[in-house]
Amino acid sequence: MLLLSLTIAQIVQRLKGSHLHSQLERQAKLNLMQKYSFKWLQDGQPPEIKLESLKEDVRSFLKTSGWEKKLQNAVYRELQLPPSHPAAPAEHLKEPLAYMRKAQVNWEKRVLKSLNSMSTELGVPLARMRPPVEQKELTNKWNEMGTDEPDLSHFRPVYAPKDFLEVLIGLRNPNHDSSEDVSARSHWGLIQIPLNVRDIPQLRQAYSELNLTTGQLGIDDHAHMHPVVMDQDSAAAQQYSRQGCPTGLRADLWALILNSTNQPTDMMHYEQLKAGVIQHDLLVDNLIYKDVKLTASNDDYYFVFEDFLYQVLLCFSRDTAVLEHFKYNSATPPKSYIQGKVGDEECAVVYPPNGVIPFHGFSMYVAPLCFLYNEPSKLYSVFREMYIRYFFRLHSISSSHSGIVSLCLQFERLLQTHLPQLFYHLRQIGAQPLRIAFKWMVRAFSGYLSTDQLLLLWDRILGYDSLEVVAVLAAAVFAFRAENLMEVTSLASAEAVLADLSTLKVMPLIQIFLFATAI
């Protein structure tokens, strides 16, 4: 009961500082003024105002005007964020396990060192004010940045997923005695730390809406304006998307689940970020350009969205609102020092302003959303919410059940338990399954599945508020190709078997793996 009271107090406190709160206050005041002014005109004398009737009038206004639903959705969004206890130390809220925190800190130092080395080697400052001529030029070509070809030959990604995987493979819990593990199979995989991940019976229970007898919505489903969209209910939209979203409703449903409203204030915020891009040039801008060129620009599905990707990612890098998620992210925003005063905390600034250094493949978190939203501010708003809820977990070291470490462990456990012969065979020929599947999982399969299938997968990430289904799909892909994989004799040949996932149908794979696998 005490924890519930504390949670309510925290949510109230957070909402009090929001734009929604000021809007609600203003609208309620206007409504009451109109109501009591009208009553005064009718009666010819000032009305007697009682506190209880005033409260009732406000409640009635909220209900009839639709603001109550907006408030409910805002509260629901707050409840989706990781819970916190006021008595817990800040670092425990970010990550309870000390060895995970230490590994994340060491990884951050390595990434920042890579960025600073690049800045020094190339003689490119981390940030600079653009000259007026350059500002004007960028303003004029804002909607066609893809036509600009800056020389990116000397820039390289600060890291690639395979570099990150090597760090995860090296993780060890210093307090854990591995000899206590019941099964020798525990040592077959690359991830050697004890985290609790769900087995097939537990997954069946958690994902009961995906069972073989329940219909799943696909891309050909057509629907009129669904009651869930009309009611503007975030919780109902989330439950609905567990069985997939009809193509015509997906954009509205996702925005509703994420409580991404695209109000005039959101549009203004986007324009301010755009102005920041035009005024200042950051070294990370080159990393964004390079990443888009290396990934989305070479993708048959996404190359047409090149301009959108630049716009969204450049604005994202300057958005200090993203820093809010570091309260529950195991990571800490990197800092740089102005005027060369290294070590002087008064001269330390977060760099880039959003605290997120892009890596190889980062732009693929945005690319699929371009199919749903053609208005930049709306696209931006939805992507930012997707990132601070889900995607940050795919490149941070943490013990979260949705974190990349748990996803890797779950993938390996599912394969070891249900396809032990396949796992052992691949391990023996030097083709550890995780070395192949990691690149899929760190991108939530973006760029590997066909877009229609990827969106069906992301429906479930939003519906279940978890990335767990990504690990399940990775295991299901290996199960589907098991016969061919049993015949391979090297890592290269195993990768060749799994090179093209674009023809796979996501939901049948997941359903069969979860509900037709013998226990």
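Below you will find a few notes about this structure. These figures come from a predicted structure and were not determined experimentally.

**Re the overall build of the protein chain**
In terms of regular secondary structure, the protein chain is built from 24 helices and four strands. For the protein chain, with 519 residues in total, the buried portion stands at 50%. Sequence-distant contacts in the protein chain: of pairs separated by 6 or more residues, those separated by 24 or more amount to 78%. Surface summary for the protein chain: the accessible area is close to 24900 Å², and the carbon and sulfur share equals 55%.

**Let's talk about the packing of helix H13 (residues 264-279) against helix H15 (residues 306-317)**
One can describe the packing of H13 onto H15 by two numbers: an axis separation of 9 Å at closest approach and a directional angle of 90°. Judged on the interaxial angle alone, H15 and H13 are roughly perpendicular. Facing H13, whose interface residues are Tyr270, Leu273, Lys274 and Val277, H15 presents Gln311, Leu314 and Cys315. For the contact of H13 with H15, the class distribution of residues is five nonpolar, one polar and one charged.

**What about the side chain of glutamine 410?**
Tracing the chain through its elements places glutamine 410 in helix H17 (residues 404-418). Taking relative accessible area as the criterion, glutamine 410 reaches 2% and is therefore assigned buried. Those residues in contact with glutamine 410, other than ones at most four positions away along the chain, are Val197, Arg198, Leu203, Glu468 and Ala471.

**Overview of the packing of aromatic side chains**
Here the structure, examined in full by the defined rule, presents 27 aromatic pairs. Ring geometry for tyrosine 207 against tyrosine 464: centres 4.4 Å apart, planes inclined by 50°, an arrangement best described as tilted. Linking tyrosine 207 in the loop between helix H9 (200-206) and helix H10 (227-231) with tyrosine 464 in helix H20 (residues 451-464), this pair joins segments that are 257 residues apart in sequence. Between tryptophan 440 and phenylalanine 478 the ring centres are 5.8 Å apart and the planes differ by 50°, which places this aromatic pair in the tilted class. A residue pair is termed long-range when its members are at least 10 positions apart, and tryptophan 440 in helix H19 (residues 433-442) and phenylalanine 478 in helix H21 (residues 468-480) qualify at 38 residues. In this structure, tryptophan 440 and phenylalanine 478 share a single accessibility class: buried. Among the aromatic residues, those joined into a cluster by ring pairs are Trp107, Tyr159, Phe164, Phe316, Phe359, Phe362, Tyr365, Phe383, Tyr387, Phe391, Phe438 and Trp458.

**Focus: the nonpolar core**
Counting 146 residues, the largest nonpolar core has Phe383, Trp440 and Phe478 as the members making the most contacts within it. Looking at this core element by element, the count peaks at ten residues for H21. For phenylalanine 383, the residues in contact, after removing those within four places along its chain, are Val312, Leu313, Phe316, Phe362, Tyr365, Val366, Leu369 and Phe391.

**A closer look at the pattern of salt bridges**
According to the stated counting rule, one finds 16 salt bridges in the structure shown. Glutamate 468 serves as the salt-bridge partner of arginine 198, at 2.7 Å between the closest nitrogen and oxygen. Of the two residues, arginine 198 is situated in the loop between helix H8 (161-169) and H9 and glutamate 468 in helix H21; the sequence distance between them amounts to 270 residues. Residue classification places glutamate 468 among the buried residues on the basis of a relative accessible area of 3%. Two residues, arginine 250 and aspartate 459, come together in a salt bridge whose shortest N-O distance is 2.9 Å. With arginine 250 in helix H12 (residues 247-257) and aspartate 459 in helix H20, this pair connects stretches of sequence that are 209 residues apart. For arginine 250, a relative accessible area of 2% corresponds to the buried category. What makes aspartate 459 buried here is its relative accessible area of 0%. Through salt bridges that share partners, Arg128, Arg130, Glu134, Asp281, Asp285 and Arg318 make up one connected network.

**What about H15?**
Taking 1.5 Å as the rise per residue, H15 with twelve residues should run 16 Å; its terminal C-alpha atoms sit 17 Å apart, in good agreement. With respect to burial, H15 is a largely interior element, ten of its twelve residues being buried. Looking only at H15, the buried set comprises Glu306, Leu309, Tyr310, Gln311, Val312, Leu313, Leu314, Cys315, Phe316 and Ser317. The inward-facing, buried residues of H15 abut H13, strand E2 (280-282), helix H14 (283-294) and helix H16 (376-389).

**Considerations on the environment of proline 194**
Secondary-structure assignment places proline 194 in the loop between H8 and H9. Sequence separation of proline 194 and arginine 172 is 22 residues, and the distance between their C-alpha atoms is 8.8 Å. Excluding anything up to four places from it in sequence, proline 194 contacts Tyr99, Asn173 and His176.

**Considering the environment of serine 119**
When you line up the elements, serine 119 lands in helix H6 (residues 98-122). Here serine 119 falls in the buried class, since its relative accessible area comes to 13%. Separated by 165 residues in sequence, serine 119 and valine 284 have C-alpha atoms that sit 9.9 Å apart. Those residues within four positions of serine 119 in sequence are excluded, and the remaining contacts are Val124, Pro125, Leu126 and Leu283.

Rules behind the numbers
- Residues numbered from 1 in each chain as written.
- Predicted model: local features only at pLDDT ≥ 70, side-chain atom pairs only at ≥ 80, totals over all residues.
- Heavy atoms only, no water.
- Helix = DSSP H or I, 4+ residues; strand = E, 2+ residues; numbered from the N terminus.
- Buried < 20%, exposed > 50% of the residue type's maximum accessible area, 1.4 Å probe, protein only.
- Contact = heavy atoms within 4.5 Å.
- Areas by Shrake-Rupley, 256 points an atom, 1.4 Å probe, with all protein chains shown as cover.
- Axes fitted to C-alpha atoms, helices over the stretch in contact; angles between N-to-C directions.
- Parallel < 35°, antiparallel > 145°, perpendicular 65-115°, else oblique.
- Nonpolar A, V, L, I, M, F, W, Y, C, P; charged D, E, K, R; others polar.
- Phe/Tyr/Trp six-rings, centres within 6.5 Å; stacked < 30°, edge-to-face > 60°.
- Core = buried A, V, L, I, M, F, W, Y, C linked by side-chain atoms within 4.5 Å.
- Salt bridge = Lys/Arg side-chain N within 4 Å of Asp/Glu carboxyl O.
- Expected span 1.5 Å × (residues − 1).

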